[in-house]
Amino acid sequence: MSNCRPGCGACCIAPSITSPIPGMPQGKPAGVRCVQLDDDNLCRLFGDPRRPAVCARFDFDIELCGDSREQALQLITRWEHATQ
């Protein structure tokens, strides 16, 4: 089992999030960078109870995250399109 890549942030960009996020009360569309993603691609809400449940449940998976940030963006985008 691997851990998230520090500074990846693909899961905060590629998927849509339909629940409210502080600073994004309507959630966020797929492909849009979350306003809570800092300049180092780390979540400002990590460990904060305001963090959306969908984000808290998201976990690294090699099938979804691949071998690099670029691959994670591609794979998560593909899953997003496949599940619309």
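Given the structure is predicted, the values throughout are model-derived calculations rather than measurements.

Moving on, we get to empty space enclosed by the protein. A complete count under the given rule lists 1 cavity of 30 Å³ or more for this structure. Reported here for the largest cavity is a volume of approximately 60 Å³. Together, Cys-12, Ile-17, Ile-21, Cys-34, Gln-36, Cys-43, Leu-45, Arg-51, Pro-52 and Cys-55 line the largest cavity. Here the residues of the lining of the largest cavity sort into 8 nonpolar, 1 polar and 1 charged.

A few words on helix α3 (residues 69–82). The end-to-end C-alpha separation of α3 is 20 Å, in line with the 20 Å expected for 14 residues at 1.5 Å each. Along α3, the residues classified as buried are Ala-72, Leu-75, Ile-76 and Glu-80. Within α3, the buried residues cover an arc of 140 degrees as seen down the axis, which keeps them to one side. Looking at α3, the residues exposed on the side facing more than 90 degrees away from the buried face are Glu-70, Arg-78, His-81 and Ala-82. The inward-facing, buried residues of α3 abut α2 (62–65).

Generally speaking, a soluble globular protein has its nonpolar side chains buried in company with each other. Counting 9 residues, the largest nonpolar core is built from Cys-12, Ile-13, Ile-17, Ile-21, Met-24, Cys-34, Leu-37, Leu-45 and Cys-55. For Ile-13, the residues in contact, after removing those within four places along its chain, are Lys-28, Pro-29, Ala-30, Gly-31, Val-32, Arg-33, Leu-37, Arg-69 and Leu-73. Formed by 8 residues, the second largest nonpolar core is a distinct cluster that contains Cys-8, Ala-10, Leu-64 and Ile-76.

Criteria and cut-off values
Residues numbered from 1 in each chain as written. Predicted model: local features only at pLDDT ≥ 70, side-chain atom pairs only at ≥ 80, totals over all residues. Heavy atoms only, no water. 1 Å grid on protein atoms, 1.4 Å probe; cavity = no way out; pocket = protein on both sides within 12 Å on 5 of 7 lines; lining within 4 Å. Points joined across faces, edges and corners; volume = space filled by probe spheres on them. Nonpolar A, V, L, I, M, F, W, Y, C, P; charged D, E, K, R; others polar. Helix = DSSP H or I, 4+ residues; strand = E, 2+ residues; numbered from the N terminus. Expected span 1.5 Å × (residues − 1). Buried < 20%, exposed > 50% of the residue type's maximum accessible area, 1.4 Å probe, protein only. Arc of directions from axis to C-beta. Contact = heavy atoms within 4.5 Å. Core = buried A, V, L, I, M, F, W, Y, C linked by side-chain atoms within 4.5 Å.

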